[in-house]
Amino acid sequence: MKVTGAILREVGKPWQLEEFELGDPVEDEVQVKLVSSGLCHSDHHLRTGDSPVPLPVIGGHEGAGVVTKVGPGVTRLKEGDHVVTAFIPACGVCEPCSRGLQNICDEGARLMSGLAISDNTNRLTTHDGLPLTQMCLLGTFAEYITVNQASLVKIEDDIPLKEAALLGCGVATGWGSAAQIGGTRTGDTVVVVGVGGVGINSVQGAVASGARFVVAVDPVPFKREMAQKMGATHTFASMEEALGPVGEFTWGKMANTTIITVGVIEGEMIAPALALTAKGGQVVVTGMGPASDIDVKLSLFELTLLQKRVQGAIFGGAGPRTQIPNLLNEYRAGKLNLADLVTTRYTLDQVNEAYDDMLNGKNIRGMIEF
């Protein structure tokens with residue numbers, strides 16, 4: 001079938017709406033009619049070239065919808081099921097999945113190649129016959145997707161599908177950065193640096209985990225206000241501004257965990273984040289930087305003698321098949337606010353306007369609705 005999607009043909013150029021050919025599901029694949037797609041900063045990394053993938057590419061990796069077709073061999077899903085996309089596939093049988101590390105499933109090695117799990121080919125073709133890469137093997141900037149069942153998680157029908165899309169990346173990644181890989185416990189102090197579509201959920205995850213102090217750091221006043229609405233106890237415009245007060249209200253102990261969730265992380269951010277962090281504590285690096293950037297500044301003296309850690313995190317350190325259902329339980333219990341995360345809703349043809357709004361600090365999360 002022919003479908004219209006937001007496609008990037010050249011680094012630095014705008015997204016453009018084009019018709020492309022979407023194939024029927026092959027072995028282990030499922031077709032989904034999407035209701036919504038989140039507008040994540042990770043897709044903007046394609047446009048800047050920070051995340052190198054074969055071009056052209058159809059963007060989008062945060063979606064929710066209804067299964068319309070299933071291919072041979074599909075056992076997890078059937079037509080009519082409600083699903084959320086997971087930007088990390090979870091096959092369930094590789095060595096990391098078998099150890100409970102679904103978020104680093106071996107199939108994730110394909111994410112930057114665009115080659116489908118099912119048959120190792122590009123499953124999409126542009127109108128002029130070029131292989132079309134799917135962002136994170138998904139490509140949710142189109143109303144229909146055909147993807148492997150490993151990239152989908154079934155959810156209950158009572159969950160609003162429009163908001164459920166956020167569970168596929170921003171919510172799970174942010175929440176898990178505080179609650180799972182961050183290991184927040186009752187009484188902890190947590191600092192979240194960058195309060196966008198991911199960081200706002202680190203705030204929510206820290207609050208739900210019982211943190212005593214939740215500190216949100218962001219230069220945009222609107223985002224600091226939203227962080228307070230979600231439970232942050234203190235807000236600051238920069239890490240430098242936060243350093244003294246955090247020391248005062250923790251009696252010099254500093255933060256158990258500092259989470260960096262900025263849109264584009266730079267190596268020079270690690271040193272001030274470590275300064276905000278207690279001895280024996282950790283800096284969780286969730287934000288993405290350019291693939292070519294290997295320069296990091298930190299005090300090795302401080303790292304060793306105060307036994308601090310710098311911890312990378314993808315999907316919040318939790319597997320999509322466990323994390324997404326757990327988050328739905330938090331939503332039902334009133335501990336996870338989904339509705340207020342969506343600042344502005346857009347149509348597909350407004351995708352460039354939506355990213356301009358994100359870069360200008362106007363959105364916590366923008367959402368395309370089909």
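Scroll up to find the structure this text is about.
What you see as residue numbers is a count from 1 along each chain, following the sequence as written. It should be noted that, the model being predicted, local features are given only for residues of pLDDT at least 70 and side-chain atom pairs only at 80 or more, the latter also being counted only at that level, while totals for whole chains, interfaces and linings use all residues. Each side-chain value is worked out from all heavy atoms of the structure, with water and hydrogens disregarded.

Caption draft 1: Representation of the packing of aromatic side chains within the structure. In summary, the pairing rule links any two rings of Phe, Tyr or Trp, Trp by its six-membered ring, whose centres are within 6.5 Å, and it sorts them by plane angle into stacked for under 30 degrees, edge-to-face for over 60 and tilted for everything else. Counting across every chain of the model gives four aromatic pairs. Counting every residue linked through ring pairs, the aromatic cluster contains Trp-15, Phe-141 and Tyr-355.

Caption draft 2: The arrangement of the packing of helix H4 (residues 170-179) against helix H5 (residues 199-208) in detail. At a closest axis distance of 7 Å, the pairing of H4 and H5 adopts a crossing angle of 45°. Relative to H5, the element H4 lies oblique. Note on packing geometry: the crossing formed by H4 with H5 is right-handed. Listed contacts from H5 to Gly-170, Val-171, Gly-174, Trp-175, Ser-177, Ala-178 and Ala-179 of H4 are Asn-201, Ser-202, Gln-204, Gly-205, Ala-206 and Ala-208. When the residues that make up the contact of H4 with H5 are grouped by side-chain class, the tally is six nonpolar, seven polar and no charged. Axis lines are fitted to C-alpha atoms, over the contacting stretch for helices. Their N-to-C directions set the angle, which ranges from 0 to 180 degrees. Helix and strand labels come from DSSP, where a helix needs a run of H or I of at least four residues and a strand needs a run of E of at least two; each type is numbered from the N terminus. Should an angle lie under 35 degrees it is considered roughly parallel, over 145 roughly antiparallel, and from 65 to 115 roughly perpendicular; all remaining angles are considered oblique. Note on convention: near helix rotated counterclockwise from far helix by under a right angle means a left-handed crossing. Clockwise means right-handed. The contact criterion used throughout is that any non-hydrogen atoms of two residues lie within 4.5 Å. Residues are sorted three ways: Asp, Glu, Lys and Arg are charged, Ala, Val, Leu, Ile, Met, Phe, Trp, Tyr, Cys and Pro are nonpolar, and all the rest, Gly among them, are polar.

Caption draft 3: The arrangement of the layout of surface pockets in detail. Computed over the protein atoms alone on a 1 Å grid, cavities are sets of points where a 1.4 Å probe fits but cannot get out and pockets are open sets with protein on both sides within 12 Å along at least five of seven lines; a residue lines them when it has an atom within 4 Å of a point. Grid points are joined across faces, edges and corners, and a volume is the space filled by probe spheres set on the points. Taken as a whole, the second largest pocket holds about 240 Å³ of empty space. Every residue along the wall of the second largest pocket is listed here: Gly-187, Thr-189, Arg-212, Phe-213, Phe-249, Thr-250, Trp-251, Lys-253, Met-254, Asn-256 and Ala-278. Split into classes, the residues belonging to the lining of the second largest pocket amount to five nonpolar, four polar and two charged.

Caption draft 4: The arrangement of empty space enclosed by the protein in detail. Summed over the entire model, instances satisfying the criterion amount to two cavities of 30 Å³ or more. Approximately 80 Å³ is the volume attributed to the largest cavity. What lines the largest cavity is simply Glu-29, Ala-116, Ile-117, Ser-118, Arg-123, Gln-134, Leu-137, Thr-146, Val-147, Asn-148 and Ser-151. Classifying every residue of the lining of the largest cavity gives four nonpolar, five polar and two charged.

Caption draft 5: Fine view of helix H6 (residues 221-229). Considered for burial, the residues of H6 that qualify are Lys-223, Arg-224, Met-226 and Ala-227. Here the buried residues of H6 occupy an arc of 160° about the axis, which is enough to place them on one side. Projecting away from the buried face of H6 at angles above 90 degrees are the exposed residues Glu-225 and Lys-229. Buried-residue contacts for H6 involve H5, strand E12 (213-217) and strand E13 (234-236). Positive backbone phi, at 115°, marks Gly-231, one or two positions downstream of H6. Only protein chains enter the accessibility calculation, which uses a 1.4 Å probe; a residue is then buried when its area is under 20% of its type maximum, exposed when over 50%, and partly exposed in between. What the arc describes is the spread of directions from the helix axis to the C-beta atoms.

Caption draft 6: Quick peek at the pairing of strand E17 (residues 342-346). For E17 and strand E18 (residues 365-369), the ladder comprises four bridges, and the chain directions are parallel. Residue pairing in the sheet places Thr-344 in a bridge with Gly-366 of E18. Any two strands are treated as partners once DSSP identifies two or more bridges connecting them.

Caption draft 7: How the structure looks around the nonpolar core. The biggest cluster of nonpolar side chains holds 86 residues, and the ones touching the most others in it are Phe-20, Phe-141 and Leu-167. Per-element accounting of this core gives the leading share, five residues, to H4. The residues contacting Leu-167, other than those within four sequence positions of it, are Val-84, Ala-172, Phe-315, Ile-324, Leu-327, Leu-328, Leu-336 and Leu-338. To qualify as a nonpolar core, a set must consist of buried Ala, Val, Leu, Ile, Met, Phe, Trp, Tyr and Cys residues joined through side-chain atoms within 4.5 Å. Counting residues in each nonpolar core, the second largest holds 23 residues, with Phe-236, Met-254, Ile-260 and Ile-270 among its members.

Caption draft 8: Quick peek at the sheet that holds strand E8 (residues 131-134). Spatial strand order, E1-E2-E7-E8-E4: five strands in a closed barrel with mixed pairing. Sheet topology note: the strand E7 (residues 124-126)/E8 ladder contains two bridges and is antiparallel. Considered in E8, the bridge of Leu-124 is made with Leu-132.

Caption draft 9: Region of the structure containing the environment of Lys-162. As for its placement among the helices and strands, Lys-162 is situated in helix H3 (residues 161-164). Measuring from C-alpha to C-alpha, the distance between Lys-162 and Lys-13 comes to 28 Å, with 149 residues separating the pair along the chain. Discounting chain neighbours no more than four positions away, the residues touching Lys-162 are Val-35, Ser-36, Arg-345, Met-367 and Glu-369.

Caption draft 10: A look at the state of the cysteines. Disulfides are defined as cysteine sulfur pairs within 2.5 Å. All chains considered together, the criterion is met by zero disulfides. The thiol of Cys-105 is not disulfide-bonded; the next cysteine sulfur, from Cys-91, is found 3.6 Å away.

Caption draft 11: Broad picture of the pattern of salt bridges. We count a salt bridge whenever a side-chain nitrogen from Lys or Arg sits within 4 Å of a carboxyl oxygen from Asp or Glu. One pass over the full model with this rule turns up 20 salt bridges. Between Arg-9 and Glu-18 there is a salt bridge, with the nearest N and O atoms lying 2.7 Å from each other. Two residues, Lys-69 and Asp-24, come together in a salt bridge whose shortest N-O distance is 2.8 Å. Taken together, the positions of Lys-69 in strand E5 (residues 63-70) and Asp-24 in the loop between strand E2 (16-22) and strand E3 (29-39) put the pair 45 residues apart, joining distant regions of the chain. Judged by its relative accessible area of 44%, Asp-24 falls in the partly exposed class. The structure contains a network of salt bridges with shared partners spanning Lys-162, Glu-163, Arg-345 and Glu-369.

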